[in-house]
Amino acid sequence: LIGVYTNRHGERWELQLKGSGKTPYSRNGDGRAVLRSSVREFLCSEAMHHLGIPTSRAASLVVSDDDVWRDQFYNGNIKKERGAIVLRLAKSWFRIGSLEILAHSGELDLLRRFLDFIIQEHFPSIAMNDSNRYLEFFSTVVSETANLISLWMSVGFAHGVCNTDNFSLLSITIDYGPFGFMDSYDPDFVPNTSDDERRYKIGNQASVGLFNLNKLLQALKPLLDPRQKQLASQILEGYGEHYHSRFTELFKTKLGLLGENENDNYLIAFLLKVSFLC
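Residues numbered from 1 in each chain as written. Predicted model: local features only at pLDDT ≥ 70, side-chain atom pairs only at ≥ 80, totals over all residues. Heavy atoms only, no water.

**Looking at the packing of helix α5 (residues 205-220) against helix α6 (residues 226-237)**
Where α5 contacts α6, the two axes come as close as 11 Å, and the packing angle between them is 170°. Overall, the two elements α5 and α6 adopt an arrangement that is roughly antiparallel. Note on element contacts: α6 touches α5 through A232, S233 and L236, opposite L210, L213, N214 and L217. Considered class by class, the residues forming the contact of α5 with α6 number 5 nonpolar, 2 polar and no charged. (Axes fitted to C-alpha atoms, helices over the stretch in contact; angles between N-to-C directions. Helix = DSSP H or I, 4+ residues; strand = E, 2+ residues; numbered from the N terminus. Parallel < 35°, antiparallel > 145°, perpendicular 65-115°, else oblique. Contact = heavy atoms within 4.5 Å. Nonpolar A, V, L, I, M, F, W, Y, C, P; charged D, E, K, R; others polar.)

Rendered as structure tokens:
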């Protein structure tokens, strides 16, 4: 993260470099990025924005003179590639994992301060003096995550690595890695060649979203009283209904279906199955 920029419209954007080298959080990796993946992130994040899907954006791409060694297909065949750096923008780069690590390490005071900062900066509809503000925050993230994944599904987008560290607290698409778009409908489509267990196949994305939101709830629980914990669990139980409702709405729009009909869901499922069989 290199800074925060406020544009002429008063919008606040956090500027981040991808591929610029080691950071304290890059484990043993070199922190570099290759040109092919950088071009993919630039193009896809801009495409997603113009498709109306919440996403980070790309401001620039610079080709590096550094050589980067990568095993592209994870088959032991390491090759030298040209490096690149993407300057990317988002309203926030905080993720579910940002809360998980604080809760896991028992840094509850920092967790509370961090959550208050996130709410104050990015959730203006939530009052800071509301004793239920963390509950309201969680409810918003649950519904917006369901909306985001349904939008992914509406365009056949598979993120590829849907872990908690790649799920934004603002429910935007971040960290474009081994993503892919389906050419034809296939619920088993996996764009990530290293995902041998097919954990992040496109048909699992809604379920993985629920898994990640449950991890978010576990991180929030130390800050909730017993009543709030019970209400938060009920909110999480409503995730499936949020997702199904938005998914149905998007596909009805695609098909030009008007009004409500009990056979709408059957028709959507039937057409997807036909697409898969073809």
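On we go.
**Points about the packing of helix α4 (residues 133-154) against α6**
Orientation of α4 relative to α6, taken along the N-to-C sense of each, is 10°, at an axis distance of 10 Å. Taken as axis vectors, α4 and α6 run roughly parallel relative to one another. The segment α4 lies against α6, with L135, F138, S139 and V142 engaging Q228, L231, A232, I235 and L236. The residue inventory of the contact of α4 with α6, partitioned by class, reads 7 nonpolar, 2 polar and no charged.

**Overview of the environment of R32**
Looking at where R32 falls in the secondary structure, it is placed in the loop between β2 (12-18) and α1 (35-50). What makes R32 partly exposed here is its relative accessible area of 32%. Each C-alpha atom, one on R32 and one on K18, is 7.5 Å from the other, the two residues being 14 residues apart in sequence. Residues contacting R32, with those up to four places away along its chain left out, are G19, S20, G21, D66, V68 and R70. In this structure the side chain of R32 is engaged in a polar contact, spanning 3.2 Å, whose partner is the backbone oxygen of S20. (Buried < 20%, exposed > 50% of the residue type's maximum accessible area, 1.4 Å probe, protein only. Polar contact = N/O pair within 3.5 Å; in protein donor to acceptor, adjacent residues only side chain to side chain.)

**Comments concerning the domain arrangement of the chain**
Annotation of the chain at the domain level lists domain 1 (3-90) and domain 2 (96-254). Here the C-alpha centroids of domain 1 and domain 2 sit 22 Å apart. Across the contact, 18 residues belong to domain 1 and 20 residues belong to domain 2. Note on domain 1 versus domain 2: buried area summed over both sides is about 1,500 Å², and carbon and sulfur give 62% of it. The salt bridge partner of E121 is R12, with a shortest N-O separation of 3.7 Å. Summed over the shared surface of domain 1 and domain 2, the number is 8 residue pairs in polar contact (both at pLDDT 80 or more). Contributing elements (two or more residues each) for the side of domain 1 that touches domain 2: β2, α1 and β4 (79-90). (Domains from an automatic or database assignment. Buried area = accessible area lost by both parts, 1.4 Å probe. Salt bridge = Lys/Arg side-chain N within 4 Å of Asp/Glu carboxyl O.)

**Quick look at the packing of aromatic side chains**
Scanning all chains against the criterion turns up 12 aromatic pairs. A ring pair is formed by F157 and Y176, whose centres lie 6.1 Å apart and whose planes are at 65°; its orientation type is edge-to-face. In this pair, F157 sits in strand β5 (residues 157-158) while Y176 sits in the loop between β5 and β6 (180-181), placing the two residues 19 residues apart along the sequence. By the burial criterion, F157 is buried, and Y176 matches it. (Phe/Tyr/Trp six-rings, centres within 6.5 Å; stacked < 30°, edge-to-face > 60°.)

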